Amino acid sequence: MSVDVLLGLQWGDEGKGKIVDVLTPKYKVVARFQGGPNAGHTLEFEGIKHVLHTIPSGIFHKEIENIVGNGVVIDPITLQKEIKALIALNVDVNAHLFISRKAHLIIPTHRLLDAASEAGKGKEKIGSTLRGIGPTYMDKTGRNGLRVGDIEASDFKERYVKLRYKHLELLRQMNYEHTAEADEAIFFEAIEAMRKLNFVDSEHLLNQHIKEKKQILAEGAQGSLLDIDFGSYPFVTSSNTISAGACTGLGIAPGHIGKVYGIFKAYCTRVGSGPFPTELNDETGEAIRKAGNEFGATTGRPRRCGWLDLPALKYTIMINGVTDLIMTKPDVLCGFDIIKVCTAYKIDGKVYDYFPYDIVNSIIEPIYKEVKGWKQDLMPVRAEKDFPVNFKNYISYLEKELEVPISIVSVGPDRKQTIIR
Ligand code: GDP
Ligand code: IMO
Ligand code: MG
C-alpha cells in the first residue's frame, strides 16, 4: 500500500507537524488533505523552530514533493507569508510545492463572515481561529466557491467580484461593520504571486505516484474530535479531519491506504470553546499549560488542559482505523506523583465507557484511574530501555486499554527527541 495517513486523535495540536517531519525521509510525497490556515504545525530542528499553516510539513526535506490537496482551503495572503518565511531559510519552495487546482480559495470577505458569525453567536461562539475556514467550506458545499484553478481563467476577477458581492450582502444583513477594502490589494498581490506556483491536477499526480509505488504520507490537520461529523458538534471545524478525509481530500481510493498513524498527547488540550470532559480548571491544569507551553501556534491563545480521556481516544481510534499510535509530550508530565486517566464518564448517574452522542449538553463527571508518575526528565532519553519504570508501565497500560501498539514516543519538540519502538 502506498499511502499512509497521519492525523490527530484529540482536539488538534497533538504534534502532527513534528512527527510528519520525522517520518518524511521514509516517503516521496507529503500531502495535506483538509483544513487550511487554521492549522499551525510546529517543526524544530538544528535550533530552528518553524510553524506551517498551509504548506505540508515535508517541506524542509530536499527531494520531497509537497502537495496541497483539493480538500484544503487556501488563503493566498497567508500562503505568501509562509512561502516568504521559507525562502528566507533557503528552502526551495517553488520546486517542491504543488497545489491542487480544485482546492478552494479563502477571500478576505470569508474572514469577515467568520468574524461576523462568531460575533452573532455571542457566548455560544465556536472560538474559531477567524481564518475564514467555515464560510469558505460553506461556499464550497453551497457550490459558490472560487478555486485555485479559477486563477487561470480569464474572468477570475469577475468571479471574485460576484462572490465578494454576495458576501457584502450577507455582512449587511448581519449588521456587521467592517472595512472590506482593507485587504483587497494585498489579496490580489498574493494572487499574482501564486501564479508562479505549480498548480496541478493533484488527484492524477497522486494516483500516478501510487502506480509507480512511490510512498505517500497524508498529513491531517486539526484533530478527530474537531471533525465536522464525529467531533463535538457544533464546536468543531468545517472539514472531515478523520482518515476518510484523506480519500476525499486527495482523490485516493480507500484500498490504497496502508498505515493510519494516530497521534495523541499524554494528556489533553483544547483551544476554543466546546465540551472538554477532563478539563482541569485548577493549578494542575495551569502546571500542565506551563510545562507544555500550551499556547496556540496559530492564534497564541492559551490552550485548555486536562487529563487523558480514554473513552474519547477509543472512539477516535475506531473511527480512523488507527494501526499505529504515536504518543507526544509525556515529558510534560514529569514530576507529577500521580497521573490521572479518565476511563469512563458518569452522566445523570449512569456510567458510559464509550463516547456518547451528546457531550455538549450533558454534565459529565469523569471517572479516573490513578497511575504512578515518574520523576526522571524524559527529554534527554533516546532509547526505550532508558525510560523510567513507571513510564514504561504507563505505556503498557495504555496499549492494553487502547488495543493498538504505541510505535513512536516523542519526548520533546526537536526532531531528535523521538523514540521509534
Ligand atoms: P500540531 O498542530 O499537531 O502540529 O501541533 P502544534 O505544533 O500546534 O503543537 C505542538 C507543540 O508541542 C509544538 O510547540 C511542538 O514543538 C511541541 N511538541 C511536539 N512534540 C513534543 C514533545 O514530545 N514534547 C514537548 N515538550 N513538546 C512537543
Ligand atoms: P492544528 O492542525 C487546534 C479549533 C478552533 C475552534 C474550532 C473551529 O494546528 O492541530 P475554525 O477556525 O476551524 O473554524 O475553528 O477548531 N481549531 C484548532 N484547534 N488545532 C488546530 O489545528 C485547529 N484548527 C481549528 O480553535 O475551536
Ligand atoms: Mg497546531
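Rules behind the numbers
Residues numbered from 1 in each chain as written. Chains lettered and ligands numbered in written order. Predicted model: local features only at pLDDT ≥ 70, side-chain atom pairs only at ≥ 80, totals over all residues. Heavy atoms only, no water. Near = heavy atom within 4 Å. Polar contact = N/O pair within 3.5 Å; in protein donor to acceptor, adjacent residues only side chain to side chain. Areas by Shrake-Rupley, 256 points an atom, 1.4 Å probe, with all protein chains shown as cover. 1 Å grid on protein atoms, 1.4 Å probe; cavity = no way out; pocket = protein on both sides within 12 Å on 5 of 7 lines; lining within 4 Å. Sits in = over half its atoms within 2 Å of the grid points. Helix = DSSP H or I, 4+ residues; strand = E, 2+ residues; numbered from the N terminus. Nonpolar A, V, L, I, M, F, W, Y, C, P; charged D, E, K, R; others polar. Buried < 20%, exposed > 50% of the residue type's maximum accessible area, 1.4 Å probe, protein only. Pairing = 2+ DSSP bridges. Points joined across faces, edges and corners; volume = space filled by probe spheres on them.

A. Spotlight on the site of ligand 1. Around ligand 1 sit 20 residues in total, of which G15, K16, T42, D331 and S410 are the nearest. Here an oxygen atom of ligand 1 and a backbone polar atom of G15 are 2.8 Å apart. Contact distances for ligand 1 include 2.5 Å between an oxygen atom and a side-chain N or O atom of T42. For ligand 1, whose free accessible area comes to 580 Å², the fraction covered by protein is 94%. A majority-of-atoms criterion places ligand 1 in the second largest pocket. Of all the secondary-structure elements, those providing two or more residues to the shell around ligand 1 are α1 (16–23) and β3 (41–45). Counted by class, the shell around ligand 1 contains five nonpolar, seven polar and eight charged residues.

B. How the structure looks around the pairing of strand β11 (residues 257–265). Most of β11 is tucked away, with seven of its nine residues classed as buried. With five bridges connecting them, strand β1 (residues 3–8) and β11 associate as parallel partners. When the sheet's bridge partners are listed, G8 is paired in β11 with I263. Both β11 and strand β15 (residues 324–328) contribute to a ladder of five bridges, which runs parallel. Bridging across to β15, F264 finds its partner in M327.

C. Inspection of α1 at higher detail. The element α1 is largely enclosed, with a buried count of seven among its eight residues. Taken together, the buried positions of α1 are K16, G17, K18, I19, V20, D21 and L23.

D. How the structure looks around the layout of surface pockets. Empty space within the largest pocket amounts to approximately 930 Å³. What lines the largest pocket is a set of 46 residues, and nearest its centre among them are I126, S128, V236, T237 and S238. Mapped onto the lining of the largest pocket, the elements with two or more residues apiece are α4 (108–121), α5 (133–141) and α6 (156–173). Residue composition of the lining of the largest pocket, grouped by class: 17 nonpolar, 19 polar and 10 charged. Estimated volume of the second largest pocket: approximately 570 Å³. As for the second largest pocket, its lining consists of 29 residues, and the residues nearest its centre are T42, G292, R303, K329 and P413. Mapped by element, the contributors of at least two residues to the lining of the second largest pocket are α1, β3 and β4 (48–52). The element that contributes the greatest number of residues to the lining of the second largest pocket is β3, accounting for four residues. Of the residues contributing to the lining of the second largest pocket, the split by class is nine nonpolar, 10 polar and 10 charged.

Bear in mind that shape data such as this cannot, by itself, settle questions of function.
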